[in-house]
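# Chains, contacts and geometry: an overview
Each chain, written out:
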Amino acid sequence: MNVAKVPDGWESRGKPPTLFRRFVFGRYNETRDFLDALAALTDEAGLHPQNINFASTYVNITLDANDSGELGEAELSLATRINQLYLKKSD
């Protein structure tokens, strides 16, 4: 995967390849609203994060490689869509 393709704010990590990002919120209700919207987005996309960890004011998301063992366009597109969701929720 070309590192230049990694969406803003996301880190490319390890083997197998993953994308990681922490999203920070001011209050718990903002975190919860984001998680609800994230669930709807990933259901619609048919692609779900490998791991989601959260506390009252942050959400950590890890997207893992596809079946071929690489981060493909679907994972990169989902990361971009999650960024857009975050920007929309934090307006």
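My aim in this report is to walk through the structure given alongside it, one point at a time. (Residues numbered from 1 in each chain as written. Predicted model: local features only at pLDDT ≥ 70, side-chain atom pairs only at ≥ 80, totals over all residues. Heavy atoms only, no water.)

## Comments concerning the sheet that holds strand E4 (residues 58-64)
Note on sheets: strands pair through backbone hydrogen bonds, and any given pair is parallel or antiparallel. Taking strand neighbours across the sheet as the criterion, the four strands line up as E1-E2-E4-E3 in an open arrangement whose pairing is antiparallel. Looking at strand neighbours, the two that pair on one side only are strand E1 (11-13) and strand E3 (51-55), the edges of this open sheet. Between one strand axis and the next, the sheet turns through 20° on average, direction left out of account. Strand direction decides the pairing type here: E1 and strand E2 (residues 18-24), joined by three bridges, are antiparallel. In the strand pairing of E2, Glu-11 is matched with Phe-20. Its contacts with the sheet put helix H1 (residues 28-45) on E2, E3 and E4, and the angle it makes with E4 is roughly 25°. (Pairing = 2+ DSSP bridges. Helix = DSSP H or I, 4+ residues; strand = E, 2+ residues; numbered from the N terminus. Axes fitted to C-alpha atoms, helices over the stretch in contact; angles between N-to-C directions. Contact = heavy atoms within 4.5 Å.)

## Examining the nonpolar core
In summary, soluble globular proteins display a tendency toward joint burial of nonpolar side chains. Trp-10, Leu-19, Phe-23, Phe-34, Ile-61, Leu-63 and Ile-82 are the most contacted members of the largest nonpolar core, which has 20 residues in total. A per-element tally of this core places helix H2 (residues 73-89) first, with six residues. Look past the residues within four positions of Phe-23 in its chain and what remains in contact with it is Trp-10, Phe-34, Thr-57, Tyr-58, Val-59, Ile-61, Ile-82, Asn-83 and Tyr-86. (Core = buried A, V, L, I, M, F, W, Y, C linked by side-chain atoms within 4.5 Å. Buried < 20%, exposed > 50% of the residue type's maximum accessible area, 1.4 Å probe, protein only.)

These results come straight from atomic positions and should not be treated as a statement about function.
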